[in-house]
Amino acid sequence: MMMEQLRETLPLWVQASRLHASEGQVASYIPELAKAPADALGVTIMGAGGETFSAGETDFPFTMQSISKVFTLLLALMDNGEDGVFAKVGMEPTGDDFNSMLKLELVEPGKPFNPLINAGAIAISSLIHGDTPAAKTERILSFFNEAAGGATLSVNEDVFRSESATAHRNRSLAYFLKDNEVLGEEIDVEDVLRVYFRHCSVEVSCNQLARMALLLAFDGFDPLVGRQLVPKRYVQIAKTFMIMCGMYNASGEFAIKVGIPAKSGVSGGILALVPGRYGIGVIGPALGAKGNSTAGVHLLETMSTALDWRIF
Ligand code: GLN
């Protein structure tokens, strides 16, 4: 499909996929997220020259939620190397919900299966360098800003407070990690949680998400700035996790139907990429049973099929 055709067709695909929003519901376990527009759907596709194709509601900001875990993983890898990171988290998908406790005792005691489930991402938050929680958050934000091509992203403090006040399950996961010494003696659990909730609450637009995805599409090389921001090996690791467990326990189905690395969040955002070609940001707040944007997944499947994106 030629670029001009894509520009004309994208709004039609969004219109058709938007109908699938009614199959889902906006997340409400973080009360602040329940305010999002349930039937919205927006997409931005960004190419190597920064050219964008957008359709639908791409203007309203949303929090990254679990999408942020891909980028904290990258920063943790840059701070600690592979051995340091994999001392704390495993390399396997769980097939369980993102906040599940079921398999936490199964591998080495207490070690989370992977860095994209909540337990794993909380362990990753503890690995980010910085003397205080505020300093860690500062480093995370400046890395996210660089990844988004020099953006000035910020934490939505209302969403942060809303999550922090209701996060009984994440708190129990974190204390369980502490009990099993995945979080070491010197680590304060509440400090780690503050860092984790804040990086989940970083606010982005579709366009910024697509820009961040572009960095991953080019293996850590920012094609617009002309600089290798993240070592290729670390992006390779992150993309492998995205395929295995980026869409929670619907990752197998997503790999078969859509076939590109992606990561979703409970705000309804999805970051996806076509290797060597596009960064993609999608927002559709209504979520299906497994926590992914119903309209967003439908749209990605439509685009991947029509544009022959599947990597396998
Ligand atoms: N902040 C959210 C949580 O910890 C992130 C989860 C998600 O996006 N799946 O519950």
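Scroll up to find the structure.
Residues numbered from 1 in each chain as written. Predicted model: local features only at pLDDT ≥ 70, side-chain atom pairs only at ≥ 80, totals over all residues.

**Some points on the sheet that holds strand S5 (residues 154-155)**
To keep it simple, the criterion reads: Note on pairing: DSSP must find at least two bridges between two strands before they are called paired. Starting at the N terminus, helices and strands are each numbered in turn, a helix being any DSSP run of H or I of at least four residues and a strand any DSSP run of E of at least two.
Taken in spatial order, the 3 strands line up as S4-S6-S5 in an open sheet, and their pairing is antiparallel. Here the strands that pair on one side only, and so sit at the sheet edges, are strand S4 (62-63) and S5. Bridge count between S4 and strand S6 (residues 202-204): 2 bridges; the pairing is antiparallel. In the strand pairing of S6, threonine 63 is matched with glutamate 203.

**Some remarks on the site of the ligand**
Counted only if it meets this: Being near a molecule or strand means, for a residue, that its backbone-placed C-beta atom lies within 6 Å of it. Side-chain classes follow a simple rule in which Ala, Val, Leu, Ile, Met, Phe, Trp, Tyr, Cys and Pro form the nonpolar group, Asp, Glu, Lys and Arg form the charged group, and the remainder, Gly included, forms the polar group.
Surveying the vicinity of the ligand reveals the residues Gln65, Ser66, Phe98, Asn99, Asn118, Glu163, Asn170, Cys200, Gly265, Val266 and Gly291. The class makeup of the residues in the shell around the ligand is 3 nonpolar, 7 polar and 1 charged.

**Some thoughts on the sheet that holds strand S9 (residues 262-264)**
Whether parallel or antiparallel, the strands of a sheet pair through hydrogen bonds between backbone atoms. For clarity, the cut-off: Angles shown run from 0 to 180 degrees and are taken between the N-to-C directions of axes, each axis being a line fitted to C-alpha atoms and, for helices, limited to the stretch in contact. Contacts here follow a simple rule: the backbone-placed C-beta atoms of the two residues must lie within 7 Å.
With respect to topology, 5 strands assemble into an open sheet ordered S3-S2-S11-S10-S9, the strand pairing being antiparallel. If you trace the sheet from one side to the other, it starts and ends with strand S3 (52-56) and S9, each paired once. Between one strand axis and the next, the sheet turns by 10 degrees as a mean value, whatever way the strands run. The sheet contact formed by strand S10 (residues 269-274) and strand S11 (residues 278-283) spans 6 bridges and is antiparallel. Paired with leucine 273 across the strands is glycine 279, a residue of S11. Helix H8 (residues 206-217) rests against strand S2 (42-47), S3, S10 and S11 of the sheet, and its axis sits at about 145 degrees to S11.

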